[in-house]
Amino acid sequence: MEEELKCPVCGSLFREPIILPCSHNVCLPCARTIAVQTPESEQHLPALLHPRGAAAPAPAPTTPGAPAGPAAPLDPECSAGGGGDHADKLSLHSETDSGYGSYTPSLKSPNGVRVLPLVPAPPGGAAAGAAAAPRGAAPCPIPGPVGSSLTCPQCHRSASLEQRGLRGFQRNRLLEAIVQRYRQGRTAKCQLCDRSPAEPAAVRCEQCEVLYCAACQLRCHPARGPFAKHRLAPPPGQPGPPGGEGKGAGGGRKPATCAEHELEQYSMYCLSCRSPVCYQCLEDGRHGKHDVKALGAMWKQHKAQLSQALNGVSDKAKEAKEFLVQLKNLLQQIQENGLDYEACLVAQCDALVDALTRQKAKLLTKVTKEREHKLKVVWDQINHCTLKLRQSTGLMEYCLEVIKENDPSGFLQISDALIKRVQVSQEQWVKGALEPKVSAEFDLTLDSEPLLEAIHHLDFIQMKCRVPPVPLLQLEKCCTRNNSVTLAWRMPPLSHNPVEGYILELDDGDGGQFREVYVGKETLCTIDGLHFNSTYNARVKAFNSSGVGPYSKTVILQTSDVAWFTFDPSSAHRDIVLSNDNQTATCSSYDDRVVLGTAAFSKGVHYWELHVDRYDNHPDPAFGIARINVVKDMMLGKDDKAWAMYVDNNRSWFMHCNSHTNRTEGGVSKGATVGVLLDLNKHNLTFYINGQQQGPPAFENIEGVFMPALSLNRNVQVTLQTGLEVPQYVKQPKLPSN
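Residues numbered from 1 in each chain as written. Predicted model: local features only at pLDDT ≥ 70, side-chain atom pairs only at ≥ 80, totals over all residues. Heavy atoms only, no water.

Colleague: Would you explain the nonpolar core in this entry?
Modeller: Side chains of nonpolar character tend, in soluble globular proteins, to be buried together. In terms of nonpolar packing, the biggest core is built from 79 residues, with Val26, Leu150 and Leu306 touching the most fellow members. Only strand S1 (17-19), strand S2 (25-27), helix H1 (28-34), helix H4 (173-185), strand S9 (268-270), helix H7 (295-351), helix H8 (353-404) and helix H9 (408-427) provide two or more residues apiece to this core. Top element by residues in this core is H7. It accounts for 18 residues. If near-sequence neighbours (up to four positions away) are discounted, Val26 is found in contact with Cys7, Val9, Phe14, Glu16, Pro17, Ile18, Leu20, Ala31 and Ile34. Counting 39 residues, the second-largest nonpolar core is a separate cluster that includes Ala572, Ala698, Phe699 and Leu712. (Core = buried A, V, L, I, M, F, W, Y, C linked by side-chain atoms within 4.5 Å. Buried < 20%, exposed > 50% of the residue type's maximum accessible area, 1.4 Å probe, protein only. Helix = DSSP H or I, 4+ residues; strand = E, 2+ residues; numbered from the N terminus. Contact = heavy atoms within 4.5 Å.)

Colleague: Looking at this model, I keep getting lost on unusual backbone geometry. Mind explaining?
Modeller: Only a minority of non-glycine residues have a phi that is not negative, and only a minority of peptide bonds are not trans. Phi at Asn482 is positive, roughly 60 degrees, even though this residue is not glycine. For Asn482, the position within the fold is in the loop between strand S13 (479-481) and strand S14 (484-490). Given a relative accessible area of 13%, Asn482 falls into the buried group. Here Asn658, not a glycine, exhibits a phi torsion of approximately 65 degrees, which is positive. Residue placement: Asn658 occurs in the loop between strand S27 (651-656) and strand S28 (659-665). Judged by its relative accessible area of 43%, Asn658 is partly exposed.

Colleague: In this structure, what is going on with the pattern of salt bridges? I would like to understand it.
Modeller: One pass over the structure, following the stated rule, counts 16 salt bridges. A salt bridge links Arg421 to Glu4, with the shortest nitrogen-to-oxygen separation between them at 2.8 Å. Taken together, the positions of Arg421 in helix H9 and Glu4 in the segment before S1 put the pair 417 residues apart, joining distant regions of the chain. Judged by relative accessible area, Arg421 falls into the partly exposed class, the value being 37%. On the basis of relative accessible area, Glu4 is assigned to the buried category, the value being 15%. Of the charged contacts in the structure, one is a salt bridge between Arg231 and Glu206, with a shortest N-O distance of 2.4 Å. A residue pair is termed long-range when its members are at least 10 positions apart, and Arg231 in the loop between helix H5 (214-220) and strand S8 (232-233) and Glu206 in the loop between strand S6 (203-205) and strand S7 (210-212) qualify at 25 residues. Among the ionic contacts, a cluster of salt bridges with common partners joins Glu342, Arg371 and Glu372. (Salt bridge = Lys/Arg side-chain N within 4 Å of Asp/Glu carboxyl O.)

Colleague: Can you help me understand the state of the cysteines in this one?
Modeller: A complete count under the given rule lists zero disulfides for this structure. Here Cys10 is not disulfide-linked; the sulfur of Cys30 is the nearest cysteine sulfur, at 3.7 Å. Unpaired in terms of disulfides, Cys152 finds its nearest cysteine sulfur in Cys22, a separation of 3.5 Å. Judged by its relative accessible area of 2%, Cys152 is buried. (Disulfide = S-S within 2.5 Å.)

Colleague: When you look at the pairing of S14 in this model, what are you seeing that I'm missing?
Modeller: Two faces belong to every sheet, and in a regular strand the side chains alternate between them. Here S14 lies mainly inside the structure; six of its seven residues are buried. With two bridges connecting them, strand S12 (residues 472-473) and S14 associate as antiparallel partners. Looking at the pairing, Leu473 lines up with Trp489 of S14. Relative to S14, S13 is paired through three bridges, and the arrangement is antiparallel. In the sheet register, Thr480 faces S14, and the bridge partner there is Val485. Taken together, S13 and the strand that follows it, S14, pair antiparallel across an intervening segment of two residues, in which Asn482 is found at a positive phi of about 60 degrees. Sheet analysis places S14 next to strand S17 (residues 524-527), joined by four bridges and oriented antiparallel. (Pairing = 2+ DSSP bridges.)

Right, here's the structure in full:
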């Protein structure tokens, strides 16, 4: 942001900045140095430099024969009227004009500012000017019979000076406050540190007038002895104790007053003149027929417009940062690929022994030149993008600082220009600007097939696109977790054929046909929802525009024998309360609510248990399985998407589609354990309470994909236990005798 706070003339931080009609800013002292007079030979031009109805500056006396020096500062009291009608006839301005002409400077100083030589005035001019001056007043320091103008050092547009001179330009109080805050924000350094650089200052002694860091304060300025009465204050730029008078931006600044009526505060905004005005300006008639709006409303409107425009620049800046990371990765890839190509080339040349030795240096040179060319293109693009990003970031930070200001009139003085600058900055990021201009791949390959007599004609040939080679499975990165598998692969080194994507195939876990499970550019893929306790075979192949390459070797992956899962907070009813890493469930409602598990089963034998931690007032919790779209605001088993056993303190029932069957004696209480056995090989579901089977298998002929399920109300709390082998009493069940 510092670049936004520097004067384009002196290159230092702004001092008393003023706003030129072209919306650029310049220091007031610098404006005095670049204000120039127009010679008589260009007197046909000043008519274009004065606003309509404004009087052209009167000729000022000079001493005959005096050398032409630099333009003197223009003072408001040194302006004179005259020639108003003539200027009005030649003026190209209207009330809505921006206030500057399109005059192009003929001569420029090293900083780009227009500088014109002074023309001596006719003899006698000095006497006439001295006679016209009031008694006791010094002659006006405006040399020669010329008009006065100021050229913007950035856009080189010339603006005429009105009768008030440089004071006619509005003061950019917002920019001045931001500069002041920026100066204060610079970290003050310890004055006693022997380190380089010095540590940031922590305190300042008002009696010693010395800045100390924390270590130097303890060593050189302890809070005892004669130093005990010294007052330590925060260093400059840091907030003082509460209640202190803040002179920072926005804290103690006085409300803005009208430039024409110094006793009046700005209260309205003129849409025609695009400037804040006071009530006195409206009563004087200058803005009487103009459209005006409340200052506060326009302030909020322009702030909203600037914020909206900043969103676009912020998105582009984010894209630019990501693009820079991409370019830097591209540099590394180019370096690596270049080294790979060099190694390949050296190996081929060494194999051709003496006949290839003379050609080896030439071929290496070509690879190096290609790499250097690509690196140069990428570095040029990095430098170009970095410059644009720095400019956009600086403008964005400056605009954010402007938005923080609470001075409506000051904000509106510069908001239009800032909005335009932000829009222009956003337009600079044209389509294609954030795309690499070169590829990391080297389109070079060596043909080692020719006979020995053709060695002296050996050269790089244009690579012909062929199908990709066999991908290499990275076994160290392939793994299984629960009922999901993760596979990783890569292309072999020194493979010259381009790859557009990969096809990953997996069988059904039972030795069946392979099927495609992934098609894309990534080289790492995780497949979820597989069968537990199953063996899967996987393979991958690459493809490009020329066709599909051969398959890789087949890798065998074994899923977990038992299922580890928890309650699923994402699909649970909102009244369900989970804790203990989503392994313990209760409810905040007196009505029954449903929660599902995170695992899904479609094959194999699975067993899990639920421990009753709390059981009050004889509720009816339900345990079982359900499909993903089960109704979750009523007891489990009342719809056709769930199969459950609900139980009280004395007996249990099976329920599906709101049908109650198989009432069995034996209930639950605090400390009870309910087991659920889902056998998808036999397609049945069995329940156990404290190791005792509750009747025959509850449901038979069930097929599909099921998830563990539970319904309960606030009188029950249960804890889920998973990853269990099927108990022995379940493998050899003993039905209770009647």
